[in-house]
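Listed below, chain by chain, are the residues.
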Number of protein chains: 2
Amino acid sequence: MSTALEQIGANRSFGGWHKRFRHASATLGCDMVFAVYLPPQAEHGPVPVLYWLSGLTCSDENFMQKAGAHRIAAELGVAIVAPDTSPRGADVPGDPDGAWDFGHGAGFYVNATAAPYDRHYRMYDYVVSELPALVEAHLPVTAVRGVAGHSMGGHGALICALKNPGRYRSVSAFAPISHPVDCPWGQKAFTGYLGADPAQWKAWDAVELIATAGERLPILVDQGEADGFLAEQLKPEALRAACAAAGHPLTLRLQPGYDHSYYFIASFIEDHLRHHAAALLR
Amino acid sequence: MSTALEQIGANRSFGGWHKRFRHASATLGCDMVFAVYLPPQAEHGPVPVLYWLSGLTCSDENFMQKAGAHRIAAELGVAIVAPDTSPRGADVPGDPDGAWDFGHGAGFYVNATAAPYDRHYRMYDYVVSELPALVEAHLPVTAVRGVAGHSMGGHGALICALKNPGRYRSVSAFAPISHPVDCPWGQKAFTGYLGADPAQWKAWDAVELIATAGERLPILVDQGEADGFLAEQLKPEALRAACAAAGHPLTLRLQPGYDHSYYFIASFIEDHLRHHAAALLR
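In every chain, residue numbers begin from 1 and rise along the written sequence. Whichever chain is written first becomes A and whichever ligand is written first becomes 1, with later ones labelled in order. Owing to the predicted nature of the model, reporting of local features is limited to residues with pLDDT of at least 70; listing and counting of side-chain atom pairs is limited to 80 or more, with chain, interface and lining totals taken over all residues. Water and hydrogen atoms play no part in the side-chain values, which are based on all heavy atoms of the structure.

**Observations regarding the overall build of chain A**
A run of H or I in DSSP becomes a helix once it reaches four residues, and a run of E becomes a strand once it reaches two; helices and strands are each numbered from the N terminus. Tallying secondary structure elements over chain A gives nine helices and nine strands in all. As a reference, a globule follows 2.2 Å times the number of residues to the power 0.38, and the radius of gyration itself is taken over C-alpha atoms. Rg of the C-alpha trace for chain A: 17 Å, near the compact-globule value of 19 Å for 282 residues, within the 12% margin. Accessibility here uses a 1.4 Å probe with only protein chains present; expressed as a share of the type maximum, an area under 20% marks a residue as buried, one over 50% as exposed, and anything in between as partly exposed. Of all 282 residues assigned to chain A, the portion counted as buried reaches 61%. Of the accessible surface of chain A, which amounts to about 9600 Å², a share of 51% is contributed by carbon and sulfur atoms. In chain A, 21 side chains carry a positive charge and 28 a negative one; their mean positions are 6 Å apart. To measure how exposed things are, a 1.4 Å probe is used in the Shrake-Rupley method; for residues, cover is taken only from the protein chains shown. For the charge count, each Lys or Arg is scored as positive and each Asp or Glu as negative, with His and the chain ends excluded. All charge positions are set by atom: Lys at NZ, Arg at CZ, Asp at CG, Glu at CD.

Below, the structure is given as structure tokens:
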């Protein structure tokens, strides 16, 4: 594996730095770009990191540009790392029909087992293992980690935390795809990446994982009540029921009038960053 | 003039609303889209407005998505209106070479006098007169106005305030094109829109207007010291000298390490909104 990080951008922001890096990913078999926000405190020593997993169609840029998170990260002294949402490149197969909800921009944070996607689509291993190792080796951050995300990335954040007891100190999600085995986006993605047998999908579904989770890390979820994807794709009530049944601590906030956009994320990101900082900085 | 406003989008944001409208502009002879942020206070009565003028290549969307301004506007009870940066459409002539620094996305907030641009490119009249009249007639805002902008829009904000004593209560700019008659962007735009005689350009140049300004409205300017356009295009020192000579109050803050991006704007927008609110809410 190449560990070379090529810096491709740097912007001063709230006294810290927003930087973008390109690197060759051994896990994904392609070049990847990710972004990091380093708060001012990182100039004096390594700081904990929140990994942010974005939703369908996003790259590393959406959260950094639109969430308004730098201000709070700078105050708290927490770094934020935002990976891309899939492997990319001419050699990486995408959706055969060119759709936006599968393939490029839609890796769904699983390790694909079905051809032709099994070669490159290993976003789970990338965000859980390769990317943190790279970041912790080359940037002024510690191995104290939180994970959060939006929509497809909310699903990603939940499964990364639920499948890896002890690896993250905190988890939260905005409008997560809570129960992908039971919604059109998830069923399309899992069929393509994991094959047609739904029994193979359950290991990548937050609602299914809650019962047997190895630790009871408190989950914070915000969900807009005017989100057009709420009933068909997101199913927060399934997450609520699973957490209740398992005794898993969940704070699920339904926000009247809010939709699925980054305006919704920006409106509540401060609460999420403070939720993470309370665990990361303790 | 059609006064019909067609709402084309609405997102709840920080307890208020981000909305986008399309309307037929009589001034510009084309359909235009603008965005507004209405803070929660606007549900109880009209609120003052900050007009935000964006830079080259921008639309109504960039500031709303990237500046992180809604949070502060919601706290202060100030609306923000963001117009597009030029007339648009198949009937509107653009740059003959397809460049990004003239024509579509680059109206420069002047009233063009040179063909073929004189028919549509009247962004000055649009942002000073038509748009405020429309907004004040149809949305819960008052005629208490501030004006701010970035780069080309910083130039726009400065000339709108300097040319209209009493029309705005406050003005500020990020990295404005302070002296367009003396920089490549300004010279290209003014030649195209106003003709080849530089004597005709001075009425649209902040540095030239300062000496004879009809009121001494305090100007707040932030400028990144790592801005790649600083020396050639922006020339804040010319603005400083003009203000000093005229006794015009100017707070010019040079921000070490900051560039020309929205990360720079986001880092200091709170100070600007508080500068405006102090005048708008008094």
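**Digging into the packing of aromatic side chains**
Note on aromatic pairs: each is described by the distance of the centres and the angle between the planes. The pairing test for Phe, Tyr and Trp rings, Trp by its six-membered ring, is centres within 6.5 Å, and the orientation test on the planes gives stacked under 30 degrees, edge-to-face over 60, and tilted for anything in between. This structure, assessed with the given rule, holds 34 aromatic pairs over all chains. Here Tyr-258 of chain A and Phe-264 of chain A contribute two aromatic rings whose centre-to-centre distance is 6.1 Å and whose plane-to-plane angle is 50°, an arrangement assigned as tilted. As far as the burial class goes, Tyr-258 of chain A and Phe-264 of chain A line up, both buried. Between Trp-185 of chain B and Phe-229 of chain B, the aromatic rings sit 4.6 Å apart at their centres with planes inclined by 45°, giving tilted as the arrangement. Within this pair, whereas Trp-185 of chain B is found in helix H5 (residues 184–194), its partner Phe-229 of chain B is found in the loop between strand E8 (219–224) and helix H7 (230–234), the two being separated by 44 residues in sequence. Judged by its relative accessible area of 31%, Phe-229 of chain B is partly exposed. By the ring-pair criterion, three or more aromatic residues cluster together here, those being Trp-52, Phe-63, Phe-174, Tyr-258, Phe-264 and Phe-268 of chain A. We note Lys-19 of chain A situated over the ring of Trp-17 of chain A; from NZ or CZ to the ring centre the distance is 5.7 Å. Comment: the charge-over-ring label is applied if NZ (Lys) or CZ (Arg) is within 6 Å of the ring centre and within 35 degrees of the ring normal. Looking at Lys-163 of chain B, its charged tip hangs above the ring of Trp-204 of chain B, at a distance of 4.2 Å from the centre.

**Quick word on the relation of the copies chain A and chain B**
Two copies of the chain are present, and they differ by a rotation about an axis and a shift along that axis. When chain A is fitted to chain B, the best match, at an RMSD of 0.0 Å, comes from turning it 180° and sliding it 0.0 Å along the axis. Read as a symmetry element, the transformation amounts to a two-fold axis. In this analysis, two residues are considered to be in contact whenever any of their non-hydrogen atoms come within 4.5 Å of each other. In this assembly the copies share their binding face: 100% of the residues contributing to the interface of chain A also contribute to that of chain B. When the copies are overlaid, the least-squares fit takes in C-alpha atoms only where the residue has pLDDT of at least 70 in both copies.

**Structural notes on the UniProt feature "active site" (unreviewed entry) in chain A**
All names here are of chain A. When the UniProt feature table is mapped onto this chain numbering, "active site" (unreviewed entry) sits at Ser-151, Asp-227 and His-260. In summary, the annotated positions, though distributed over 110 residues, converge in three dimensions, the widest C-alpha pair being only 10.8 Å. Tracing the sequence through the fold places Ser-151 in the loop between strand E6 (141–150) and helix H4 (152–162). Residues contacting Ser-151, with those up to four places away along its chain left out, are Phe-174, Ala-175, Pro-176, Ile-177, Trp-185, Leu-234 and His-260. Within the element layout of this structure, Asp-227 appears in the loop between strand E8 (219–224) and helix H7 (230–234). When sequence neighbours within four positions are dropped, the list of residues in contact with Asp-227 reads Ala-175, Leu-234, Tyr-258, Asp-259 and His-260. UniProt positions are given in the numbering used here, feature names are shortened, and annotations may be inferred rather than shown by experiment.

**Re the pairing of strand E5 (residues 79–83) of chain A**
Residues and elements named next belong to chain A. Summarising burial for E5: five of the five residues are buried, a large majority. What you see with E5 is no split at all: Ala-79, Val-81 and Pro-83 on one side and Ile-80 and Ala-82 on the other are buried throughout. As defined by bridge partners, strand E3 (residues 30–38) adjoins E5 across four bridges and the pair is classed as antiparallel. Counted as the bridge partner of Tyr-37 is Ile-80 from E5. Bridge analysis of strand E4 (residues 47–53) against E5 gives three bridges, and the strand direction is parallel. The residue bridging Tyr-51 from the neighbouring strand is Val-81, located in E5. Here a strand pair is declared whenever DSSP counts at least two bridges between the two strands.

**Here we look at the pairing of E6 of chain A**
Residue and element names in this part refer to chain A. With respect to burial, E6 is a largely interior element, eight of its 10 residues being buried. One ladder, built from six bridges, connects E4 with E6; its direction is parallel. Residue pairing across strands places Trp-52 opposite Ala-148, the latter belonging to E6. Across five bridges, the pairing between E6 and strand E7 (residues 170–174) is parallel.

**Quick notes on unusual backbone geometry**
Residues and elements named next belong to chain A. A cis geometry characterises the amide bond from Ala-115 onward to Pro-116, with omega recorded as 0°. You can see Pro-116 is positioned in the loop between E5 and helix H3 (123–138). In the Ramachandran plot, Ala-175 falls in the positive-phi region, its phi being about 45° despite a non-glycine side chain. For Ala-175, the position within the fold is in the loop between E7 and helix H5 (184–194).

**A closer look at the interface of chain A and chain B**
With 22 residues of chain A at the interface, the matching set in chain B holds 22 residues. By definition, the buried area sums, over both parts, the 1.4 Å-probe accessible area that each loses when the two are put together. Summed over both sides, the interface of chain A with chain B buries roughly 1800 Å², with 51% coming from carbon and sulfur. When residues of chain A are sorted by the area they lose upon contact with chain B, Arg-12, Gln-65 and Tyr-263 of chain A head the list and together hold 37% of the total. Polar contact criterion, stated in full: a pair of N or O atoms within 3.5 Å, where within protein one must be able to donate a hydrogen and the other to accept it, and residues adjacent in sequence count only if both atoms are side-chain atoms. Taken together, chain A and chain B are joined by 10 residue pairs in polar contact (both at pLDDT 80 or more). Sorting the residues of the side of chain A that touches chain B by element identifies strand E1 (6–13), strand E2 (16–25), helix H1 (61–66), helix H2 (70–76) and helix H9 (262–280) of chain A as the ones contributing at least two each. Under the convention adopted here, Pro, Cys and the residues Ala, Val, Leu, Ile, Met, Phe, Trp and Tyr are nonpolar, Asp, Glu, Lys and Arg are charged, and Gly plus all remaining residues are polar. By residue class, the composition of the side of chain A that touches chain B is nine nonpolar, nine polar and four charged.

**A word on the side chain of Asp-60 of chain A**
Residues and elements named next belong to chain A. Tracing the backbone shows Asp-60 in the loop between E4 and H1. There is a polar contact of 2.8 Å between the side chain of Asp-60 and the side chain of Arg-20. Those residues in contact with Asp-60 that lie beyond four places of it in its chain are Arg-20, Val-33, Phe-34, Ala-35, Ala-82, Pro-83 and Asp-84.

**Re helix H4 (residues 152–162) of chain B**
Of all the 11 residues making up H4 of chain B, 11 are buried; the element is thus mostly covered by neighbouring parts of the structure. Those residues of H4 of chain B not exposed but buried are Met-152, Gly-153, Gly-154, His-155, Gly-156, Ala-157, Leu-158, Ile-159, Cys-160, Ala-161 and Leu-162 of chain B.

**Structural notes on the environment of His-138 of chain B**
Structurally, His-138 of chain B is set in helix H3 (residues 123–138). Note: C-alpha distance between His-138 of chain B and Ala-231 of chain B (93 residues apart in sequence) is 42 Å.

**What about H5 of chain B?**
All names here are of chain B. For H5, the full list of buried residues reads Trp-185, Gly-186, Ala-189, Phe-190, Gly-192, Tyr-193 and Leu-194. The arc that holds every buried residue of H5, seen down its axis, measures 165°, which confines them to one face. In this structure, the buried residues of H5 make contact with H4 and H7. Positive phi shows up at Gly-195, right after H5, with a value of about 95°. The directions from the helix axis to the C-beta atoms are what the arc is built from.

**Considering the pattern of salt bridges**
Residues and elements named next belong to chain A. When a carboxyl oxygen of Asp or Glu lies within 4 Å of a side-chain nitrogen of Lys or Arg, that pair is called a salt bridge. Taken as a whole, this structure holds 32 salt bridges over all chains when the rule is applied. Arg-20 is the partner of Asp-60 in a salt bridge, and the nearest nitrogen-oxygen pair spans 2.8 Å. Separated by 40 residues along the polypeptide, Asp-60 in the loop between E4 and H1 and Arg-20 in strand E2 bring together distant segments of the chain. This pair shows no difference in class: Asp-60 is buried, exactly as Arg-20 is. Overlapping salt bridges, with partners in common, bring together Arg-71, Glu-75, Glu-270 and Arg-274 in one network.

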